[in-house]
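# Summary of the model geometry
Next come the chains, spelled out residue by residue.
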Amino acid sequence: MGFTVVDVPERERFEARDESGATAGVVTYQLTGSIIAYTHTEVAPEFEGHGVGSTLARAVMDHARANRRTVVPICPFLSGWLDKHPEYDGIVARSTRKLK
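Residues numbered from 1 in each chain as written. Predicted model: local features only at pLDDT ≥ 70, side-chain atom pairs only at ≥ 80, totals over all residues. Heavy atoms only, no water.

## Re the pattern of salt bridges
Pairing is possible between side chains of opposite charge, provided their charged atoms come close. By the definition in use, this model includes four salt bridges. The shortest N-O distance in the salt bridge between glutamate 15 and arginine 13 comes to 2.8 Å. By the burial criterion, glutamate 15 is buried, and arginine 13 matches it. Between glutamate 15 and arginine 17 there is a salt bridge, and its shortest N-O distance comes to 2.6 Å. Each of the salt bridges in this network shares a partner with another, and the network as a whole consists of Arg11, Arg13, Glu15 and Arg17. (Salt bridge = Lys/Arg side-chain N within 4 Å of Asp/Glu carboxyl O. Buried < 20%, exposed > 50% of the residue type's maximum accessible area, 1.4 Å probe, protein only.)

## Quick look at the side chain of aspartate 18
Examined against the element boundaries, aspartate 18 turns out to sit in the loop between strand E2 (13-17) and strand E3 (23-32). Despite its burial, aspartate 18 pairs with no opposite charge; the closest candidate is arginine 17, at 8.4 Å N-O. Among the polar contacts listed, one links the side chain of aspartate 18 to the backbone nitrogen of alanine 22, at a separation of 3.0 Å. Once residues within four sequence positions are removed from consideration, aspartate 18 is found in contact with Gly2, Phe3 and Phe47. (Helix = DSSP H or I, 4+ residues; strand = E, 2+ residues; numbered from the N terminus. Lys, Arg positive; Asp, Glu negative; His and termini not counted. Polar contact = N/O pair within 3.5 Å; in protein donor to acceptor, adjacent residues only side chain to side chain. Contact = heavy atoms within 4.5 Å.)

## With respect to helix H2 (residues 76-83)
An α-helical turn contains 3.6 residues, so any two residues separated by three or four positions project in the same direction. The set of residues buried in H2 consists of Leu78, Ser79, Trp81 and Leu82. Seen end-on, H2 carries its buried residues on one side only, within an arc spanning 160°. Residues of H2 that are buried make contact with strand E4 (35-43), helix H1 (52-66) and strand E5 (70-73). (Arc of directions from axis to C-beta.)

## Observations concerning the pairing of E3
The pairing of E2 with E3 spans five bridges and is classified as antiparallel. Paired with phenylalanine 14 across the strands is valine 27, a residue of E3. Counted between consecutive antiparallel strands, the loop separating E2 from E3 contains five residues, among which glycine 21 sits at a positive phi close to 95°. The loop that links E3 with its antiparallel partner E4 comprises two residues; one of these, glycine 33, has a positive phi angle of about 60°. (Pairing = 2+ DSSP bridges.)

## Side note on the packing of aromatic side chains
Here the structure, examined in full by the defined rule, presents four aromatic pairs. Relative to tyrosine 29, the ring of phenylalanine 14 lies with its centre 5.3 Å away and its plane at 50°, an arrangement referred to as tilted. With phenylalanine 14 in strand E2 and tyrosine 29 in strand E3, the pair connects residues that are 15 residues apart, well separated along the chain. Here phenylalanine 14 matches tyrosine 29 in class, with each residue buried. Aromatic side chains phenylalanine 14 and tyrosine 38 sit 6.4 Å apart centroid to centroid with 65° between the ring planes, which places their arrangement in the edge-to-face category. One end of the pair, phenylalanine 14, is in strand E2; the other, tyrosine 38, is in strand E4, with 24 residues separating them in the sequence. Given the relative accessible area of 3%, phenylalanine 14 is considered buried. Connected via pairs of aromatic rings, a cluster forms that spans Phe14, Tyr29 and Tyr38. (Phe/Tyr/Trp six-rings, centres within 6.5 Å; stacked < 30°, edge-to-face > 60°.)

Structure below.
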């Protein structure tokens with residue numbers, strides 16, 4: 001199952017869509033200048049277990065890198081995903097404490 005991730009700036013979110021165009025998941029964000037805070041990741045129940053969350057995470061991080069943005073990972077899912085993907089450390093603003 002393949003997914004396409006698109007930025008929907010008027011809704012302040014990225015959407016993962018399947019081949020039929022159905023929304024499989026979203027990552028919401030708040031953009032302030034060159035800082036983007038990813039606030040929430042949600043995958044539709046019927047798409048859970050198909051890699052939608054990871055697809056979204058990689059897409060939003062690649063988008064931030066391409067646009068020279070600093071990422072603030074407020075979303076616990078994305079924060080956990082980033083712990084396993086140190087290749088993005090250079091664009092992530094990390095606090096000294098974890099948000100739970």
